[in-house]
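# Summary of the model geometry
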Protein chains: 2
Amino acid sequence: MATGRTHRPATRSRGIPEATVARLPLYLRALTALSERSVPTVSSEELAAAAGVNSAKLRKDFSYLGSYGTRGVGYDVEYLVYQISRELGLTQDWPIVMVGIGNLGAALANYGGFASRGFRVAALIDADPSMVGKPVAGIPVQYIDDLEKIIEENGVSIGVIATPAGAAQQVCDRLVAAGVSSILNFAPTVLSVPDGVDVRKVDLSIELQILAFHEQRKAGEDGGVGGADLPSAAAVRAAAPAAVAASPASTAGRKGPDGDVPAVMPA
Amino acid sequence: MATGRTHRPATRSRGIPEATVARLPLYLRALTALSERSVPTVSSEELAAAAGVNSAKLRKDFSYLGSYGTRGVGYDVEYLVYQISRELGLTQDWPIVMVGIGNLGAALANYGGFASRGFRVAALIDADPSMVGKPVAGIPVQYIDDLEKIIEENGVSIGVIATPAGAAQQVCDRLVAAGVSSILNFAPTVLSVPDGVDVRKVDLSIELQILAFHEQRKAGEDGGVGGADLPSAAAVRAAAPAAVAASPASTAGRKGPDGDVPAVMPA
DNA sequence: AAATGTGAACCTATTCACAGCT
DNA sequence: AGCTGTGAATAGGTTCACATTT
């Protein structure tokens, strides 16, 4: 409550919940759009709708940053854009390097999102000598051997890995050794890094698999709870084509359906 | 719990926590690697290490699927691969469509992860007539006008959007109207969909911004953490220059940094 | 009157620690 | 002896609902 203004230890950036941090970019994007349309103020309700969250969550999120709204009015768009940008560290310019300029890497380099406010592609790096010197998104690709030098000279602390899975850990180790402490990993592999280094991963097939899980459930659970597993139009559509089914419990004697799980899925 | 469903319906898929679902693909990948090396069994400790989580979490996750391990021994690799695949719905073949075959779309189509077990690219679709017919990843691009027909004929229930932000919502609406109920969105925009439709988003610049947040914090709060790894180069660059700074508190009277929030980060 | 900011209630997820099975 | 499976404890996140402020 407003009571003790002296009660200040918090509020600071100290301890903004991770879930909140992950939503700040969303708010920022929505606010930027409003800003471009010269909208002066916005309510939590409106902004929340634009960002795809509910308004209570948004207000709670903002409360961790400080009291940036005006009761009865809403939030000043420009002011909030600034505050969130600052909180996210986007009022400074982060040089990044991208390692692995294959199909995906090249696409990412060309992708506008990378060059968005706050980030600058300092270098593209690849292990294929035939790529070296070729410009991708206007930036000449450099050879992997120079990785350490490039990081050093550009003061890079954020790296993007878009190599094949097999090369990712090795590249990661070199990045970290050279001083990079935040990594965005597009390779489908788990990276191990020392404490103090942040890794975020973006994984295509994982996302698809999560969707498949829910999709399967939608197909399976309408109406019949007990036996019927895959009824209905959507289900037929979803289930009909080519069941691939890996061979189950190859090793005999497996406990398998211990009391509950039927046997092996209709297939 | 075994056979008695006293206060919990089935051990079955009912109510697997979302956080657990999101990790199953990770376990599956680690298990597949073990399987390829013909490792017969694995302990929760080992598997957890391979998947980058801790073992208690892994055991808890598996407990939602059923009792698939053997005390004193561990888990049978092949058997677990099958159970998780089934749980994720990967024992069937999901036809997917991808809309927007630009740089990113083409890269994704070429990306192995898409063609991984359980998924099949049924069609690539684009709004640019000059793209139509061109093969990408061996699949000829089709025109956006045929979207509905393609979805219908192939029984597609999962769609991938890799269009520019401006086109995404429109494409999404058409996909949903045609029967797609799970969407993986690469466009940097919030999609609104009716209930029952799942959307997952993969957003480059959001991930970078989250990293920047943490990176900024690291740079700011070291009172003297060894200057070895992140010498001035990164630190200096991170802490001071190139302020992009949108003009703050434009509207006067704004409460702004009222004696509460001292400009964080001594810039 | 309108909309923020926030305690409190609620729900979800993680971690602990150990009983129970092989 | 070893390792799973899981209640209990803890931590983290979301939603409610309303007092407070403009």
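Residues numbered from 1 in each chain as written. Chains lettered and ligands numbered in written order. Predicted model: local features only at pLDDT ≥ 70, side-chain atom pairs only at ≥ 80, totals over all residues.

As a reminder, the rule being used: UniProt positions are given in the numbering used here, feature names are shortened, and annotations may be inferred rather than shown by experiment.
Under an unreviewed UniProt entry, chain A has the name Redox-sensing transcriptional repressor Rex and belongs to Streptomyces roseolilacinus. For chain A, the Subunit (unreviewed entry) comment in UniProt is given as "Homodimer." What the UniProt record of chain A gives under Function (unreviewed entry) is the line "Modulates transcription in response to changes in cellular NADH/NAD(+) redox state."

### Focus: the overall build of chain A
Formally: A run of H or I in DSSP becomes a helix once it reaches four residues, and a run of E becomes a strand once it reaches two; helices and strands are each numbered from the N terminus. Counting other C-beta atoms within 10 Å of its own, a residue is labelled buried from 20 upward, exposed at 12 or fewer, and partly exposed in the gap between, with every C-beta atom placed from the backbone. Two residues qualify as a contact pair if the distance between their C-beta atoms, derived from the backbone, is within 7 Å.
The helix and strand inventory of chain A stands at nine helices and ten strands. Counting all 267 residues of chain A, 41% fall into the buried class. Considering only intrachain contacts with a sequence separation of at least 6, the fraction spanning at least 24 residues in chain A is 51%.

### A short note on the protein's contact with DNA strand C
We count it as follows: Only the C-beta atom matters for this test: placed from the backbone, it must lie within 6 Å of a molecule or strand for the residue to be near it.
Close to DNA strand C lie 27 residues; A:Gly69, A:Gly72, B:Pro17, B:Arg71 and B:Gly72 are nearest. For the surface near DNA strand C, the elements supplying multiple residues, two or more each, are α2 (44-51), α3 (55-65) and β3 (74-76) of chain A together with α1 (18-36) and α3 (55-65) of chain B. Considering each element in turn, the surface near DNA strand C owes the most residues, five residues, to α3(A).

### Here's the deal with the domain arrangement of chain A
The condition is simple: What fixes the domain bounds is an automatic or database domain assignment.
When cut into domains, chain A gives domain 1 (18-88) and domain 2 (94-204). Between the C-alpha centres of domain 1 of chain A and domain 2 of chain A the distance comes to 31 Å.

### Quick word on α3(A)
Residue and element names in this part refer to chain A. For the record, the criterion: Arc definition: it is the arc formed by the directions from the helix axis to the C-beta atoms.
Three or more residues of α3 are buried, namely Leu58, Asp61, Phe62 and Leu65. Within α3, the buried residues cover an arc of 95° as seen down the axis, which keeps them to one side. A positive phi of about 145° marks Gly66, the residue just after α3.

### What to know about the UniProt feature "DNA-binding region" (unreviewed entry) in chain A
UniProt's entry tags residues 26-65 of chain A with the feature "DNA-binding region" (unreviewed entry), counted in the numbering of this structure. Between the first and last C-alpha atoms of residues 26-65 of chain A the distance is 15 Å; the span itself is 75% helix and 5% strand.

### Some points on the packing of helix α5 (residues 103-110) of chain A against helix α5 (residues 103-110) of chain B
For clarity, the threshold we go by: Every angle, taken between N-to-C directions, lies between 0 and 180 degrees, and every axis is a line fitted to C-alpha atoms, over only the stretch in contact when it is a helix. The labels follow the angle: roughly parallel below 35 degrees, roughly antiparallel above 145, roughly perpendicular from 65 to 115, and oblique for the rest. Left-handed describes a crossing in which the near helix is turned anticlockwise from the far one by less than a right angle; the clockwise case is right-handed. Side-chain classes are defined by residue name, with Ala, Val, Leu, Ile, Met, Phe, Trp, Tyr, Cys and Pro counting as nonpolar, Asp, Glu, Lys and Arg as charged, and the others, Gly among them, as polar.
Interaxial distance between α5(A) and α5(B) falls to 8 Å at its minimum, and their mutual angle equals 160°. The angle between α5(A) and α5(B) places the two elements in the roughly antiparallel class. The element α5(A) and its partner α5(B) pack so that their crossing is left-handed. Of the residues in α5(B), those in contact with A:Asn103, A:Leu104, A:Ala107 and A:Asn110 of α5(A) are B:Asn103, B:Leu104, B:Ala107 and B:Asn110. Of the residues that constitute the contact of α5(A) with α5(B), the class distribution is four nonpolar, four polar and no charged.

### Describing the protein's contact with DNA strand D
Close to DNA strand D lie 28 residues; A:Pro17, A:Arg71, A:Gly72, B:Gly69 and B:Gly72 are nearest. Residue assignment for the surface near DNA strand D shows that the elements contributing at least two residues are α1 (18-36) and α3 of chain A together with α2 (44-51), α3 and β3 (74-76) of chain B. The element that contributes the greatest number of residues to the surface near DNA strand D is α3(B), accounting for five residues. Along the lines of polarity and charge, the residues of the surface near DNA strand D split into ten nonpolar, ten polar and eight charged.

### Here's the deal with the pairing of strand β9 (residues 182-185) of chain A
Residues and elements named next belong to chain A. Under the convention used in this document: Strand pairing is assigned whenever DSSP identifies at least 2 bridges connecting the two strands.
Taking every second residue as pointing to the same face, both faces of β9 are buried, with Ser182 and Leu184 on one and Ile183 and Asn185 on the other. Pairing geometry for strand β8 (residues 158-161) and β9, over four bridges, is parallel. Within β9, the position partnered with Ile161 by the bridge is Asn185. Relative to strand β10 (residues 198-201), β9 is paired through four bridges, and the arrangement is parallel. Bridged to Asn185 within β10 is Lys201.

### A look at helix α4 (residues 77-88) of chain A
Residues and elements named next belong to chain A. Cut-off, in case you're wondering: In a helix, the anticipated span is given by 1.5 Å times the number of residues less one.
Relative to the 16 Å expected for twelve residues at 1.5 Å per residue, α4 spans 16 Å between its end C-alpha atoms, a close match to the ideal helical length. Summarising burial for α4: twelve of the twelve residues are buried, a large majority. Within α4, burial applies to Val77, Glu78, Tyr79, Leu80, Val81, Tyr82, Gln83, Ile84, Ser85, Arg86, Glu87 and Leu88.

### Section: the sheet that holds strand β1 (residues 41-42) of chain A
Residues and elements named next belong to chain A. The strand order β1-β3-β2 describes an open sheet built from three strands, whose pairing is antiparallel. The sheet terminates laterally at β1 and β2 (69-70), the two strands that pair on one side only. With two bridges connecting them, β1 and β3 associate as antiparallel partners. Bridge pairing links Thr41 to Asp76 in β3.

### What to know about the environment of A:Ser182
Residue placement: A:Ser182 occurs in strand β9. You can call A:Ser182 buried: it has 26 C-beta atoms within 10 Å.

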